[in-house]
Amino acid sequence: MNENDRSRLNFYAGGRLDRAGLRRRDRDWIERLLADPRTRLVPVWRQQSFVLQAEMPAIATLLRESASELIQSAAEIALLGLEGEPDNGVAYFAVEISHLEAPETHPLLSAAGRFADIRSVGPLLGQEEGQLLAYARGLMHWHSRHRFCGVCGSPTVSEDAGHQRRCTNSACNAVHFPRTDPAVIMAVTDGERLLLGRQASWPPGMHSVLAGFVEPGESLEEAVAREVKEEVGIDVEDVRYHSSQPWPFPGSIMLGFNARALSTEIHLSPEEIAEAAWYTRDQLRASPENETFRLPRRDSIARRLVEDWIKQK
């Protein structure tokens, strides 16, 4: 793989915003940003993202000066970051508005855009747009799943401009931070063929490289070897890092690897994989992309792992 391929960012990565992590605790500064008429809002509704009312979707944001009511009623607000100069940049905030039963009837929202599952529009968005929507979705999902303390069960409140939650029980006072679950995803080859599998729950024809969550007490390389062994009964070696991708569906980071198989006989684990087989580069280049066989979705690191392997020869 050449250097250009290695340095290319995966989709949902590569945001343009300065996350301003060192200033999030400055409440006066955050209040000034929320009052700034230039501030942009990124609404999230029931894990769906706000996009323009257009045939080709693009991110839709709201100007703060026209959206005071949404800010006041939002279940959660979180600073995503600043665009431009640190002292005069435009702030972007995610706002959770899942309390609205019918956002399509809200006059401000209906005039500006529509809500859609980012997975249905992601491949059609620009790189930075996709990253911003994924960032907002992932952060709001975390808030919705951590309203109560995992230590004592008391309610939690948002702090640090939406980037941590604190237990309201003074005897506990536990602080919780946004969670990202690491998962490994790997292109396993025998040199001339690539191993692809599919789960029964996937859309018809969809095939992908193998993947699985990292377990406590194991390295990423060990997770790669364990997952391949569990799913298809094959031992691997020469596990090498490829790249990573944020995957907020609902809250993961995909860590991509290449690995070399020590054997080629497949022994499926029915609980993990419905089908698996070896494919040559010519077979993958000729993928019909229909319900009989299709490659992973174009916005996924899985697709990049496949395409990068195809291009090696």
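Look up a bit, the structure's there.
Calculation notes
Residues numbered from 1 in each chain as written. Predicted model: local features only at pLDDT ≥ 70, side-chain atom pairs only at ≥ 80, totals over all residues. Heavy atoms only, no water. Pairing = 2+ DSSP bridges. Helix = DSSP H or I, 4+ residues; strand = E, 2+ residues; numbered from the N terminus. Buried < 20%, exposed > 50% of the residue type's maximum accessible area, 1.4 Å probe, protein only. Contact = heavy atoms within 4.5 Å. 1 Å grid on protein atoms, 1.4 Å probe; cavity = no way out; pocket = protein on both sides within 12 Å on 5 of 7 lines; lining within 4 Å. Points joined across faces, edges and corners; volume = space filled by probe spheres on them. Nonpolar A, V, L, I, M, F, W, Y, C, P; charged D, E, K, R; others polar. Salt bridge = Lys/Arg side-chain N within 4 Å of Asp/Glu carboxyl O.

K.L.:
Looking at this structure, I do not really get the pairing of strand 13 (residues 236-247). What am I missing?
P.N.:
Along any regular strand the residues' side chains alternate between the sheet's two faces. Where strand 13 lies against strand 14 (residues 252-261), nine bridges are found, and the strand directions are antiparallel. Among the inter-strand pairings, Val 236 is bridged to a residue of strand 14, identified as Ala 261. Count of turn residues in the strand 13/strand 14 antiparallel hairpin: four residues.

K.L.:
Honestly, unusual backbone geometry in this entry has me stumped. Any pointers?
P.N.:
For residues other than glycine, phi is negative in most cases, and the peptide bonds are mostly trans. The residue after Phe 249, namely Pro 250, is reached through a cis peptide bond having omega 10°. When you line up the elements, Pro 250 lands in the loop between strand 13 and strand 14. One non-glycine residue with positive phi stands out, namely Asp 160, at about 55°. Locating Asp 160 in the fold gives a position in the loop between strand 7 (156-159) and strand 8 (164-167). In this structure Asp 160 comes out as buried when scored by relative accessible area, which is 13%. With a phi angle near 50°, Asp 238 is a residue other than glycine that sits in the positive phi range.

K.L.:
How should I be thinking about the sheet that holds strand 9 (residues 175-176) in this particular structure?
P.N.:
In a beta sheet, neighbouring strands are held together by backbone hydrogen bonds and run either parallel or antiparallel to one another. With antiparallel pairing, three strands are arranged side by side in an open sheet as 7-8-9. Strands with a single pairing partner mark the edges of an open sheet, and in this sheet they are strand 7 and strand 9. Sheet topology note: the strand 7/strand 8 ladder contains four bridges and is antiparallel. Note that in strand 8 the partner of Glu 159 across the bridge is Gln 164.

K.L.:
Got a minute to help me understand the environment of Arg 166 in this structure?
P.N.:
Tracing the backbone through its elements, the reader meets Arg 166 in strand 8. Along the primary structure Arg 166 and Ser 49 are separated by 117 residues, whereas in three dimensions their C-alpha atoms are 26 Å apart. In this structure, Arg 166 is in contact with Pro 155, Thr 156, Val 157, Glu 159, Asn 173, Ala 174 and Val 175, ignoring residues within four places of it in sequence.

K.L.:
What should I look at first to understand empty space enclosed by the protein in this one?
P.N.:
Evaluated as defined, the whole model comprises one cavity of 30 Å³ or more. Roughly 40 Å³ of volume is contained in the largest cavity. In terms of lining, the largest cavity is formed by Gly 15, Arg 16, Leu 17, Glu 128, Gln 131 and Leu 132. Partitioned by chemical class, the residues of the lining of the largest cavity number two nonpolar, two polar and two charged.

K.L.:
Would you mind showing me how to read the pattern of salt bridges here?
P.N.:
Two side chains that carry opposite charge are able to pair once their charged atoms sit near each other. Enumeration over the complete set of coordinates arrives at 26 salt bridges. Between Arg 46 and Glu 101 there is a salt bridge; the shortest N-O distance is 3.2 Å. Linking Arg 46 in the loop between strand 1 (40-45) and strand 2 (48-51) with Glu 101 in the loop between strand 5 (90-96) and helix 4 (107-112), this pair joins segments that are 55 residues apart in sequence. Its relative accessible area of 36% is what places Arg 46 among the partly exposed residues. Between Arg 303 and Glu 307 there is a salt bridge, with its nearest N and O atoms 2.9 Å apart. Here Arg 303 pairs with Glu 307, and both are found in helix 9 (residues 301-310), just four residues apart, close to one helical turn. According to the relative accessible area criterion, Arg 303 is buried, its value standing at 6%.

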